[in-house]
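One letter stands for each residue in the lines below.
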Amino acid sequence: MSDSTFPVIKLYGVYGYPVGHSLSPLFQNEAFKIANLNAVYFPFSVEPERLREAVEAVRALQMGGINVTIPHKQAVIPYLDRIKGDALLTGSVNTIVNRNGALIGYSTDGDGFLLSLQKEAGFEPADKEVIILGAGGASRAISFALARSKVRSLYLVNRNPERAALLRRDLLERLGFEVKVYDYSDPELKRLAAAADLVINTTPVGIFPEVDAVPPFPLEYCAAGRLVCDIIYRPLETKWLKRASELGLRTLGGLGMLIYQGILSFSLWTGITPSEEPLRAVLNKALAVSTDQDSD
Ligand code: ATR
């Protein structure tokens, strides 16, 4: 029987370890369905020592592309043919595109965050004062995206000063952008909070199931109407964001960043920009169910 008897189904997926909680399969399969594309997207649990083989499989199986998540976002780079854009700038890849056998790495995390800020909160970063809590992978993607967007000032608050200093150095070397680094106990934070247009939590503090935890930041010093953002989406509204609302601040949760980075990955693979509302609905439903069940 010849190959052409069957329609060709393109294979996509996410490589992570663990990968069980990823919402990407749900999201991307829905996007393929809506776009009427003959494609399927699987979660693949890839042990770190088998990452090279897993990337080779993308070529061997002629997969369309792959998302890459924790802990592989940096480790995957040596196995790719090229990396572009933010992936090159930040040293982190979340999307691989297979272009006729050449594997190209991108990062859609930073642009996903910017789209959420602009579309959902109507916030234009240029010339703004921004405080970021955390200096890990998510903070790196967001701080590079904000520095590119020409914020006026960026302040990093982190427990581990070496990690923050590394991010500070990379922003300076790669974008010529100067940031200041603070400890959570620095009294200066109150003054920074009072002048901030945007405060972003990129740490896991407050994520399900530790939903009562809040980052130790003096939100009460922020001016009314300023924006507070949490990239956590489990729960959809963290305790920190609830507190911000009660203080008269505007808030933005993490679901939008998740949606837009996924939309950008899908566009890189297919050239199609899927409409976001049905995808948002699918994620909202899954998150409502998963938080209910896990708390039983
Ligand atoms: P991600 O890829 O999600 O950003 P990560 O790279 O592990 O995850 O980074 C997590 C960030 O949250 C780090 O900056 C970490 O701070 P340290 O660099 O000081 O370790 C921060 N973080 C994690 N737990 C925290 C906590 N309980 N309080 C404050 N910061 C925390």
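For the structure, check the block above.
Residues numbered from 1 in each chain as written. Predicted model: local features only at pLDDT ≥ 70, side-chain atom pairs only at ≥ 80, totals over all residues. Heavy atoms only, no water.

Q: So what exactly am I meant to see when it comes to the side chain of glutamate 129 here?
A: Within the fold, glutamate 129 resides in strand 7 (residues 129-133). In this structure, glutamate 129 is in contact with Arg152, Ser153, Tyr155, Ala195, Ala196, Asp197 and Leu198, ignoring residues within four places of it in sequence. (Helix = DSSP H or I, 4+ residues; strand = E, 2+ residues; numbered from the N terminus. Contact = heavy atoms within 4.5 Å.)

Q: Quick question: what am I supposed to make of unusual backbone geometry here?
A: For residues that are not glycine, phi is negative in most cases, and the peptide bond is trans in most cases. In this chain, phenylalanine 208 is followed by proline 209 through a cis amide linkage whose omega measures 5°. Counting through the fold element by element, proline 209 comes out in the loop between strand 10 (198-201) and strand 11 (227-230). Residue proline 235 is bonded to the preceding arginine 234 through a cis peptide linkage, with omega at 5°. The topology assignment puts proline 235 in the loop between strand 11 and helix 8 (239-246). Not every positive phi belongs to a glycine, and asparagine 100 is a case in point at roughly 50°.

Q: Got a minute to help me understand the packing of aromatic side chains in this structure?
A: What describes a pair of aromatic rings is the distance from one ring centre to the other and the angle between the planes of the rings. Applying the stated rule across the entire model yields 7 aromatic pairs. Residues tyrosine 12 and tryptophan 269 carry aromatic rings whose centres are separated by 5.1 Å and whose planes lie at 50° to one another, so their mutual orientation is tilted. Of this pair, tyrosine 12 sits in strand 1 (residues 10-16) while tryptophan 269 sits in helix 9 (residues 255-270), placing them 257 residues apart in sequence. For the pair tyrosine 12 and tryptophan 269, a shared accessibility class is recorded, and that class is buried. The structure contains a cluster of three or more aromatic residues connected by ring pairs, namely Tyr12, Phe32, Tyr41, Phe266 and Trp269. Over the ring of phenylalanine 123 we find lysine 128; its NZ or CZ atom is 5.1 Å from the centre of that ring. (Phe/Tyr/Trp six-rings, centres within 6.5 Å; stacked < 30°, edge-to-face > 60°. Buried < 20%, exposed > 50% of the residue type's maximum accessible area, 1.4 Å probe, protein only. Lys NZ or Arg CZ within 6 Å of the ring centre and 35° of its normal.)

Q: Got a minute to help me understand empty space enclosed by the protein in this structure?
A: A probe as big as a water molecule, rolled over the atoms, marks out the empty space that is left. Summed over the entire model, instances satisfying the criterion amount to 1 cavity of 30 Å³ or more. In this model, the largest cavity occupies a volume close to 50 Å³. Around the largest cavity, the lining residues are Leu23, Ser24, Phe27, Gln28, Asn67, Leu258, Gln261, Gly262 and Leu283. A breakdown of the residues in the lining of the largest cavity according to their chemical character gives 4 nonpolar, 5 polar and no charged. (1 Å grid on protein atoms, 1.4 Å probe; cavity = no way out; pocket = protein on both sides within 12 Å on 5 of 7 lines; lining within 4 Å. Points joined across faces, edges and corners; volume = space filled by probe spheres on them. Nonpolar A, V, L, I, M, F, W, Y, C, P; charged D, E, K, R; others polar.)

Q: Looking at this model, I keep getting lost on the packing of helix 4 (residues 109-121) against helix 5 (residues 137-148). Mind explaining?
A: Between two packed helices, what matters for the description is the angle formed by their axes and the separation of those axes. Contact geometry of helix 4 with helix 5 gives a least axis separation of 8 Å together with a crossing angle of 65°. Crossing of helix 4 against helix 5: the hand is right-handed. Contact residues: Asp109, Gly110, Asp111, Phe113, Leu114 and Leu117 in helix 4; Ala141, Ile142, Ala145, Leu146 and Arg148 in helix 5. Split by residue class, the contact of helix 4 with helix 5 holds 7 nonpolar, 1 polar and 3 charged. (Axes fitted to C-alpha atoms, helices over the stretch in contact; angles between N-to-C directions. Left-handed = near helix turned anticlockwise from the far one by under 90°.)

Q: Hey, could you run me through helix 2 (residues 51-60) in this one?
A: Because each turn of an α-helix spans 3.6 residues, side chains separated by three or four positions end up pointing in the same direction. All of the buried residues in helix 2 are Leu51, Ala54, Val55 and Val58. Seen along its axis, helix 2 keeps its buried residues to an arc of 100°; they face one direction. The outward face of helix 2, more than 90 degrees from its buried face, is lined by the exposed residues Arg52 and Ala60. Against the buried residues of helix 2 lie strand 1, strand 3 (65-68), strand 5 (95-99) and strand 6 (102-106). Glutamine 62 sits one or two residues past helix 2 and shows a positive phi near 50°. (Arc of directions from axis to C-beta.)

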